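# Observations on chain architecture
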Amino acid sequence: MVRSVGGDGIGDRVATSVRAWAAGRSAWVRLPLLLWMAWILVHYWGDPRYSTIFRGVDLAIHEIGHILWAPLGEFMGFAGGTLTQLLVPVAAAVGFARQRDWFAVSFAICWLGINCFEIVEYAGDALTRRIPLVSPMSAEPEHDWTYMLAELGILDHTDAVAAAWLWAGRVTMTVGIAFGAWVLWEMRSGSRDRSGVL
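Let me begin by describing the structure that accompanies this report.

Calculation rules
Residues numbered from 1 in each chain as written. Predicted model: local features only at pLDDT ≥ 70, side-chain atom pairs only at ≥ 80, totals over all residues. Heavy atoms only, no water. Helix = DSSP H or I, 4+ residues; strand = E, 2+ residues; numbered from the N terminus. Buried < 20%, exposed > 50% of the residue type's maximum accessible area, 1.4 Å probe, protein only. Salt bridge = Lys/Arg side-chain N within 4 Å of Asp/Glu carboxyl O. Axes fitted to C-alpha atoms, helices over the stretch in contact; angles between N-to-C directions. Parallel < 35°, antiparallel > 145°, perpendicular 65-115°, else oblique. Contact = heavy atoms within 4.5 Å. Nonpolar A, V, L, I, M, F, W, Y, C, P; charged D, E, K, R; others polar. Expected span 1.5 Å × (residues − 1). Arc of directions from axis to C-beta. Core = buried A, V, L, I, M, F, W, Y, C linked by side-chain atoms within 4.5 Å. Phe/Tyr/Trp six-rings, centres within 6.5 Å; stacked < 30°, edge-to-face > 60°. Lys NZ or Arg CZ within 6 Å of the ring centre and 35° of its normal.

For the rest of this paragraph, the subject is the environment of G24. Among the structural elements, G24 can be located in the loop between α1 (10-22) and α2 (31-46). Judged by relative accessible area, G24 falls into the buried class, the value being 10%. For G24 and E186, which are 162 residues apart along the polypeptide, the C-alpha to C-alpha distance reads 9.8 Å.

In structure tokens, the structure reads:
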């Protein structure tokens, strides 16, 4: 038996879900948050060392990650900070998608991009080690990226690693903002069905 093509792919299912969720919801109350994400992206594009209010939260998540992954060995203990810093926004996006809160999904994607940008400076500092380090576990913390890149044998390629994270941040935030803009567009398109839902 030949199955018909189109209409039941994952993209179609997401689009249908987005439109159903967006119907009757207000784009205007969400627009400032999307514009703020775009503002952050513009600043990061010009200066990868730009800092947002997310930095403190992300640093706390990063440090907790070291503790969580430490039982899996020294390398994972070092990598766990960055890994957890990336996994938390991904988990948030998955959770919001399960709730069908598609605008929140776009925000979580942007948050993931912000974390990529935050990693740029840290990874790029692996050779020079100029950034003052903090750790709840040690008075003299080691530099995560110096350790990891040395273990991987690519410490001499620190600039390339930082550049990869820079582009990951740019692409991820752009995707998040574009997705959020599409969700808001669907809200405006579906405004004919006004149910007063926020």
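The final tally for this structure, using the stated rule, is three salt bridges. The partner of R19 in a salt bridge is E186, and the shortest N-O contact between them spans 3.5 Å. You can see R19 sitting in helix α1 and its partner E186 sitting in helix α7 (residues 158-189), a full 167 residues away along the chain. Of the charged contacts in the structure, one is a salt bridge between E121 and R55, with a shortest N-O distance of 3.9 Å. Placement of the pair is E121 in helix α5 (residues 102-124) and R55 in helix α3 (residues 54-69), with a sequence separation of 66 residues. A relative accessible area of 26% means that E121 is categorised as partly exposed. The partly exposed category is assigned to R55, whose relative accessible area is 28%.

Next up on the list: the packing of α3 against α5. Viewed as axis vectors pointing N to C, α3 and α5 meet at an angle of 75°, and their least axial separation amounts to 11 Å. Between α3 and α5, the interaxial angle falls into the category roughly perpendicular. Across from F54, R55, D58, I61 and H62 in α3, the residues of α5 making contact are F107, W111, I114, N115, E118, E121 and Y122. The residue makeup of the contact of α3 with α5, split by class, is six nonpolar, two polar and four charged.

Over its 13 residues, α1 extends 18 Å from the first C-alpha to the last, a length consistent with the 18 Å expected when each residue adds 1.5 Å. Taken together, the buried positions of α1 are occupied by A15, S17, V18, W21 and A22. Projected onto a plane normal to the axis of α1, the buried residues spread over an arc of 165° and lie on a single side. For α1, exposure combined with an orientation more than 90 degrees from the buried face picks out R13, T16 and A20. One or two steps after α1, the chain reaches G24, where phi turns positive at roughly 80°.

Another aspect to go through is the nonpolar core. Core analysis: the biggest nonpolar cluster contains 43 residues, and M37, W102, W145, W165, M173 and V183 have the highest contact counts within it. Per element, the largest residue contribution to this core is 13 residues, and it comes from α5. Residues contacting M173, with those up to four places away along its chain left out, are M37, I40, L41, C110, G113, I114 and F117.

One pass over the full model with this rule turns up 10 aromatic pairs. Consider the rings of W36 and F54, whose centres lie 5.6 Å apart with planes at 25°: the pair is stacked. With a gap of 18 residues between them, W36 in helix α2 and F54 in helix α3 connect regions that are remote in the sequence. Take W36: its relative accessible area is 30%, and that puts it in the partly exposed class. Residue class for F54 comes out buried when judged on its relative accessible area of 11%. Clustering of aromatic rings is evident, with ring pairs tying together W36, F54 and F107. The lysine or arginine in question, R170, covers the ring of W45, its NZ or CZ lying 4.2 Å from the ring centre. Taking the ring centre of W167 as reference, the NZ or CZ of R170 above it sits at 4.7 Å.

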